[in-house]
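Take a look at the letters that make up each chain.
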Amino acid sequence: MDKVRYVYGLTSALLVGGATVSLVTGQPAGAQVAQNDDRVMSQVVPRAGAPASFADLTEQLQPAVVNIATRQRVEVQSRNPFQGTPFADLFNRRRGGEQAQPQTREAQSLGSGFIISADGFVVTNNHVVAPNDRATLEEITVTMPDGTEFEAELVGADPASDLAVLKIQSNDNFPFVKFGDSSQTRVGEWVVAIGNPFGLGGTVTSGIVSAVLRNTGQGGAYDRYIQTDASINRGNSGGPLFDMQGNVIGINNAIFSPSGGSVGIGFAIPAEIAAPIVDELKAGRTIERGFLGVSIQPINDDLADSLGLPRNRGEFVQSVQDGRAADQAGIRAGDIVTKIDGKDVTSEQTLSFLVANIAPGTRIPIELLRDGERRTVNATVGKRPTDEELRQEQMFDPDAEEEMTPQESDGLIEEKLGVQVIELTDTIARQLGADPDTVGVVIGVVDPNSDAGRKGLRRGDIILSANYQEVGSVDDLRTRISEAEADGRDALLLRIQRRGQPPRYLPVRLRQ
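A.B. asks: So what's going on with the confidence of the model for the chain? Residues and values would help.
C.D. replies: Any region with low pLDDT has predicted coordinates that should not be read closely. Taken as a whole, the chain shows an average pLDDT of 80; of its residues, 78% reach a score of 70 or greater. In the predicted structure, residues 1-30 sits below a pLDDT of 50 and forms 148 contacts with residues beyond four places in sequence or in another chain. This stretch, residues 33-42, has a pLDDT under 50; its non-local contacts, to residues over four places away or in other chains, come to 15 contacts.

Structural data, given as structure tokens:
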């Protein structure tokens with residue numbers, strides 16, 4: 001199957017408001033209820049082989065599986081139909097000339113989750129509760145199988161692993177389940193998924209484990225799932241996948257589906273990955289991951305044949321980020337990394353996964369092949385940047401084709417200057433050949449119909465100052481524009497740094 005189509009099908013299934021991801025956790029058989037005498041409910045263990053019925057097991061587990069709904073406030077961006085005309089400044093103004101407040105609408109999402117403690121801690125997927133960039137999370141509601149609703153607080157979230165922990169606002173004792181050991185899960189074993197598909201709460205489906213440590217090709221440290229043919233659909237996100245002893249062995253997270261519905265290929269985050277992260281989030285700690293700073297690709301058949309390597313071993317280094325841990329250790333583009341801290345790099349145990357699970361600051365040996373020779377280098381693992389920092393560093397190619405992205409742009413700067421800008425990170429500064437101590441913001445896109453476009457500003461130019469005042473952030477530039485307008489000025493004097501050229505001053509007229 002074409003890889004691009006495959007990834008598209010998988011990604012299209014990660015939808016909230018009917019999400020196709022569900023979470024699986026393991027526990028001793030049967031949901032547990034805290035009581036005054038600390039006794040727990042009896043365990044239900046079906047006989048080996050194909051069970052005659054899942055009814056007893058479901059009856060014990062279902063009370064701990066909940067529905068999760070969120071209410072979000074989304075800012076709606078209004079496009080100015082008069083942009084570029086003398087009437088542009090009249091758009092979206094109230095009588096009296098006051099600027100109207102941004103329009104908002106209410107949005108909701110639906111998903112699943114499960115209770116992991118008697119005092120009401122709940123595990124779900126991050127994408128079930130995380131609002132997008134223009135939305136604000138206002139309320140989370142947890143609904144029990146009997147219909148009782150509780151308000152919940154977001155205790156912690158980890159976008160990288162797509163996990164989140166909530167806390168029910170109640171003093172009640174709740175039935176709960178526990179994580180099992182997914183490392184012992186075998187292909188062909190029976191599993192049960194419980195969740196909230198399409199808003200139909202308390203839905204139970206069964207199937208078998210189709211594969212373990214499945215790599216979907218999306219990349220990243222956590223691209224390793226339990227694959228199951230238990231029916232999983234939109235709304236199962238964050239719900240548990242149970243083994244026949246009542247242990248949560250996975251958290252339903254995604255499905256492969258060209259149509260958006262279940263076709264018998266579902267993916268769950270293994271409990272062995274989820275449980276330690278959940279413990280950290282529950283304790284209110286930030287998840288810190290290791291980072292080398294390399295761009296990698298798996299060893300395919302052609303690459304393996306050309307290098308004389310066994311298949312399913314090692315990953316090829318395409319590039320190395322300047323100043324990061326790999327660069328400092330002497331790793332180069334073209335190297336093949338075969339072992340990380342004594343562990344083989346394979347398709348099931350990728351470099352990203354191994355490094356992400358090493359504490360930042362740890363010094364480790366890395367075995368690699370270079371020019372047909374085996375070498376060992378020692379690297380001090382760095383701390384993984386935030387997703388936003390990585391997005392900015394990886395997306396900025398000075399020579400890439402410009403594309404206006406109004407949904408991500410700053411309205412005032414784009415409207416008045418005709419440019420979109422991003423923060424100047426150390427990595428972007430190196431890509432542009434700027435000094436490490438350069439302070440400014442980087443132009444990502446220029447509207448060719450603006451005065452900035454007509455005067456030759458282009459992607460990769462760095463704005464150092466505006467009206468003789470340093471611009472150290474996007475907020476600074478926004479402030480300079482507002483000050484210029486308040487002073488009745490029609491233009492802004494920018495100081496521009498371009499690769500290979502000395503800084504220069506350029507007056508740019510503000511759009512009216």
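A.B. asks: Break down helix α12 (residues 474-486) for me, with residues and values.
C.D. replies: Along its 13 residues, α12 runs 19 Å from first to last C-alpha, staying within 8% of the 18 Å computed at 1.5 Å per residue. Lining the buried residues of α12 we find α9 (411-417), β24 (419-423), β25 (441-446), β26 (462-466), β27 (469-470) and β28 (491-497). Where α12 terminates, the next one or two residues include G488, which has phi positive at roughly 75 degrees.

A.B. asks: Could you give me a rundown of the packing of aromatic side chains, with the residues and numbers involved?
C.D. replies: Think of a pair of aromatic rings as described by two things: how far the centres are apart, and how the planes are tilted against each other in angle. The tally for this structure, following the rule as stated, stands at five aromatic pairs. Aromatic side chains F114 and F179 sit 5.9 Å apart centroid to centroid with 80 degrees between the ring planes, which places their arrangement in the edge-to-face category. Separated by 65 residues along the polypeptide, F114 in strand β4 (residues 103-115) and F179 in the loop between β9 (175-176) and β10 (190-195) bring together distant segments of the chain. Taking relative accessible area as the criterion, F114 reaches 0% and is therefore assigned buried.

A.B. asks: Break down the pattern of salt bridges for me, with residues and values.
C.D. replies: Taken as a whole, this structure holds 15 salt bridges when the rule is applied. Linking R71 and E138 is a salt bridge whose minimum nitrogen-to-oxygen distance equals 2.8 Å. One end of the pair, R71, is in strand β3 (residues 65-76); the other, E138, is in strand β6 (residues 135-143), and 67 residues separate them in sequence. R480 serves as the salt-bridge partner of E483, at 3.1 Å between the closest nitrogen and oxygen. With a gap of three residues between them, E483 and R480 both fall in helix α12, about one helical turn apart. One continuous salt-bridge network, built from bridges that share partners, spans R71, E138 and E139.

A.B. asks: I'd like a rundown of the side chain of R498, residues and numbers included.
C.D. replies: Counting through the fold element by element, R498 comes out in the loop between β28 and β29 (504-509). What makes R498 buried here is its relative accessible area of 12%. Side-chain polar atoms of R498 contact the backbone oxygen of G456, separated by 2.9 Å. Setting aside anything within four residues of it in sequence, one finds R498 in contact with G456, L457, R458, D461 and R504.

A.B. asks: Can you lay out the environment of N215 for me, pointing to particular residues and giving the numbers?
C.D. replies: When you line up the elements, N215 lands in the loop between β11 (203-214) and β12 (225-228). The class of N215 is partly exposed, set by a relative accessible area of 32%. C-alpha of N215 to C-alpha of I226: the two residues are 11 residues apart in sequence and 9.3 Å apart in space. Sequence-distant contacts of N215, defined by excluding residues within four places in its chain, comprise D223, S347 and T350.

A.B. asks: Any details on the pairing of β25? Residues and values, ideally.
C.D. replies: Judged by how many residues are buried, β25 sits mostly within the fold: six of six residues are covered. Examined bridge by bridge, β25 and β26 share two bridges and lie antiparallel to one another. The residue of β26 that forms the bridge with V441 is I463.

A.B. asks: Can you break down the nonpolar core residue by residue, with the values?
C.D. replies: Side chains that are nonpolar tend, in soluble globular proteins, to be buried together. The biggest cluster of nonpolar side chains holds 53 residues, and the ones touching the most others in it are L163, L292, I340, L351 and I366. Leave out the neighbours within four places in its chain, and I366 touches L292, I331, V337, K339, I340, R375, T376, V377 and A379.

A.B. asks: Got a sec to walk through the environment of R459? Specific residues and values, please.
C.D. replies: By the element assignment, R459 lies in the loop between α11 (451-454) and β26. For the pair formed by R459 and V419, sequence separation is 40 residues and the distance between their alpha carbons is 9.1 Å. For R459, the side chain forms a polar contact with the main-chain oxygen of G444, separated by 2.9 Å.

A.B. asks: So what about unusual backbone geometry? Which residues, and what values?
C.D. replies: Backbone geometry at D162 places phi at a positive 60 degrees, although glycine is not the residue there. Among the structural elements, D162 can be located in the loop between β7 (149-158) and β8 (163-168).

A.B. asks: Before we move on, can you summarise the side chain of T205 with the specific residues and values?
C.D. replies: Tracing the chain through its elements places T205 in strand β11. Of the residues examined, T205 reaches a relative accessible area of 17% and is grouped as buried. One polar contact links the side chain of T205 to the main-chain carbonyl oxygen of S231, over a distance of 2.8 Å. The contact partners of T205, leaving out residues within four places of it in the chain, are V191, V192, A193, A230 and S231.

A.B. asks: Can you lay out helix α4 (residues 271-282) for me, pointing to particular residues and giving the numbers?
C.D. replies: In this model, α4 (12 residues) spans 15 Å end to end at C-alpha, consistent with the 16 Å of a helix rising 1.5 Å per residue. Of all the residues in α4, the buried ones are A271, I273, A274, A275, I277, V278 and L281. At its buried positions, α4 is contacted by β5 (121-124), β7, β8, β14 (248-255), β15 (266-270) and α7 (351-356).

The rules behind these values
- Residues numbered from 1 in each chain as written.
- Predicted model: local features only at pLDDT ≥ 70, side-chain atom pairs only at ≥ 80, totals over all residues.
- Heavy atoms only, no water.
- pLDDT = per-residue confidence, 0-100.
- Contact = heavy atoms within 4.5 Å.
- Helix = DSSP H or I, 4+ residues; strand = E, 2+ residues; numbered from the N terminus.
- Expected span 1.5 Å × (residues − 1).
- Phe/Tyr/Trp six-rings, centres within 6.5 Å; stacked < 30°, edge-to-face > 60°.
- Buried < 20%, exposed > 50% of the residue type's maximum accessible area, 1.4 Å probe, protein only.
- Salt bridge = Lys/Arg side-chain N within 4 Å of Asp/Glu carboxyl O.
- Polar contact = N/O pair within 3.5 Å; in protein donor to acceptor, adjacent residues only side chain to side chain.
- Pairing = 2+ DSSP bridges.
- Core = buried A, V, L, I, M, F, W, Y, C linked by side-chain atoms within 4.5 Å.

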